[in-house]
Amino acid sequence: MNLLGIDFEDWYHPQLVEPFVSEEKKIPTMFRGLDKILDLLRKNDSKATFFVVGDLLESNPEILDKIMSEGHEIGFHTMKHTRLDSPNFRPEFKEELKKFEKLTSGKSIGFRAPTFSLNEKSSWAIDELVSNGYKYDSSIMPAKTNMYGMPSAERSPYRITNSSLGKNDPNGTLIEFPLLVTKFLGKTIPAAGGFYLRALPLKIIKNAIKSYEEKEIPASLYIHSWELTPEYIPRIKLPIKSHFITYHKIEKTFSKMNELLKKFEFTAFESYLSKIPNK
Ligand SMILES: [Zn+2]
């Protein structure tokens, strides 16, 4: 069984896009794409966890029921898509957790850090999550990229603590689900979704999932809501590299995801967690 996390955020939230959009241009459009995403999951009999940017629930509270009524789960992706390692973010994050708890009637017990920004500078977040009743996190990418990554981290789920971000700590209570990686041309790279799903041949992703399945490790995948519904997002002018990373082959995302969902079994994190014996 594999895991699917949908980072439910709007077109202006990604770190490579946000600085180029003025406040008055930040008009949400993502709720329009939700039905298409829910259809995709329903048709493939797949369940997912939606890691939602809290601001979207404030402006469109109906999103929550729509997602949950189809058997999917809600997780937290911060209120405004702020990197955890932003200066002095901790007090704000504490308030955000309380706010999100209210918005979701305490339904969220899982977290994904924006831009996988859980690292040595932001490890305090683990304690905040635990003290707010969170049970799992999925923010560690065991590969090095330009923007994030912890290449030495374990590949299978483990207990994470603020002093042991990449290795199992038996004293930990928060379960970390690291994202899927693979070897490509001698290097370990992400194979979990996003840009890598769009840019790499699908065969590489499929083989990566198969090799995890053979080792009985759940392959944890992520996809952004805006990548699945490019028809609802305005394209804006970005520096050439950011433009490439954000929009390259974005029209292919939906059909590639559809193929993966047809071929492999995916479920949501909480439901997976409830089925594994305490390790
Ligand atoms: Zn995000």
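The structure contained in this document is the topic of the report that follows. (Residues numbered from 1 in each chain as written. Predicted model: local features only at pLDDT ≥ 70, side-chain atom pairs only at ≥ 80, totals over all residues. Heavy atoms only, no water.)

### Let's talk about unusual backbone geometry
Alright, step 1. For Phe 116, which is not glycine, the phi dihedral falls at a positive 45°.
Alright, step 2. According to the relative accessible area criterion, Phe 116 is buried, its value standing at 8%.
Alright, step 3. With a phi angle near 50°, Lys 249 is a residue other than glycine that sits in the positive phi range.
Alright, step 4. Summarising the element assignment, Lys 249 is placed in the loop between α9 (240-247) and α10 (253-263). (Buried < 20%, exposed > 50% of the residue type's maximum accessible area, 1.4 Å probe, protein only. Helix = DSSP H or I, 4+ residues; strand = E, 2+ residues; numbered from the N terminus.)

### Remarks on the side chain of Thr 78
Alright, step 1. Here Thr 78 lies in the loop between β3 (73-76) and α4 (90-103).
Alright, step 2. A distance of 2.7 Å separates the side chain of Thr 78 from the backbone nitrogen of His 81, its partner in a polar contact.
Alright, step 3. In this view, Thr 78 contacts Val 52, Val 53, Gly 54, Leu 84, Phe 89, Phe 93, Glu 96, Phe 111 and Pro 114; residues no more than four positions away in its chain are not counted. (Polar contact = N/O pair within 3.5 Å; in protein donor to acceptor, adjacent residues only side chain to side chain. Contact = heavy atoms within 4.5 Å.)

### Focus: helix α1 (residues 34-43)
Alright, step 1. Of all the residues in α1, the buried ones are Leu 34, Ile 37, Leu 38, Leu 40 and Leu 41. Down the axis of α1, the sector holding all buried residues measures 155°, keeping them to one side.
Alright, step 2. Its buried side turned inward, α1 meets β1 (2-8), β2 (49-52), α3 (62-68), α8 (225-228) and α10.
Alright, step 3. Asp 45 sits one or two positions beyond α1 and adopts a positive phi of about 55°. (Arc of directions from axis to C-beta.)

### With respect to the coordination of the zinc ion
Alright, step 1. Protein ligation of the zinc ion involves Glu 9 (OE), His 77 (NE2) and His 81 (NE2), the donor distances falling in the range 2.0 to 2.1 Å.
Alright, step 2. Overall, Glu 9 belongs to the buried group, its relative accessible area being 1%.
Alright, step 3. Exposure remark for His 81: the relative accessible area of 11% places this residue in the buried category. (Donors = N, O, S within 2.8 Å, 3.2 Å for Na, K, Ca; no water.)

### With respect to the packing of α1 against α10
Alright, step 1. Axis separation between α1 and α10 bottoms out at 10 Å; the angle between their running directions is 25°. In terms of orientation, α1 lies roughly parallel with respect to α10. Judged by residue contacts, Lys 36, Leu 40 and Leu 41 of α1 engage Phe 254, Met 257, Asn 258 and Leu 261 from α10. (Axes fitted to C-alpha atoms, helices over the stretch in contact; angles between N-to-C directions. Parallel < 35°, antiparallel > 145°, perpendicular 65-115°, else oblique.)

### Some words on the packing of aromatic side chains
Alright, step 1. Considering all chains together, one arrives at 19 aromatic pairs under this definition.
Alright, step 2. Ring plane angle 55° and centroid distance 6.1 Å describe the contact between Phe 8 and Phe 50, whose orientation is recorded as tilted. Note that Phe 8 is positioned in strand β1 and Phe 50 in strand β2, a separation of 42 residues in sequence.
Alright, step 3. Look at Phe 50 and you get buried, because its relative accessible area is 0%.
Alright, step 4. Considering the side-chain rings of Phe 195 and Tyr 196, the 5.4 Å spacing of their centres and the 80° angle between planes classify their relative orientation as edge-to-face.
Alright, step 5. When its relative accessible area of 17% is taken as the criterion, Tyr 196 is described as buried.
Alright, step 6. Taken together through their ring pairs, the aromatic side chains of Phe 76, Phe 89, Phe 93, Phe 100, Phe 111 and Trp 124 make up a single cluster.
Alright, step 7. Against the face of Phe 254 rests Lys 36, its NZ or CZ located 4.5 Å from the ring centre.
Alright, step 8. Over the aromatic face of Phe 264 sits the side chain of Lys 263, whose NZ or CZ is 5.7 Å from the ring centroid. (Phe/Tyr/Trp six-rings, centres within 6.5 Å; stacked < 30°, edge-to-face > 60°. Lys NZ or Arg CZ within 6 Å of the ring centre and 35° of its normal.)

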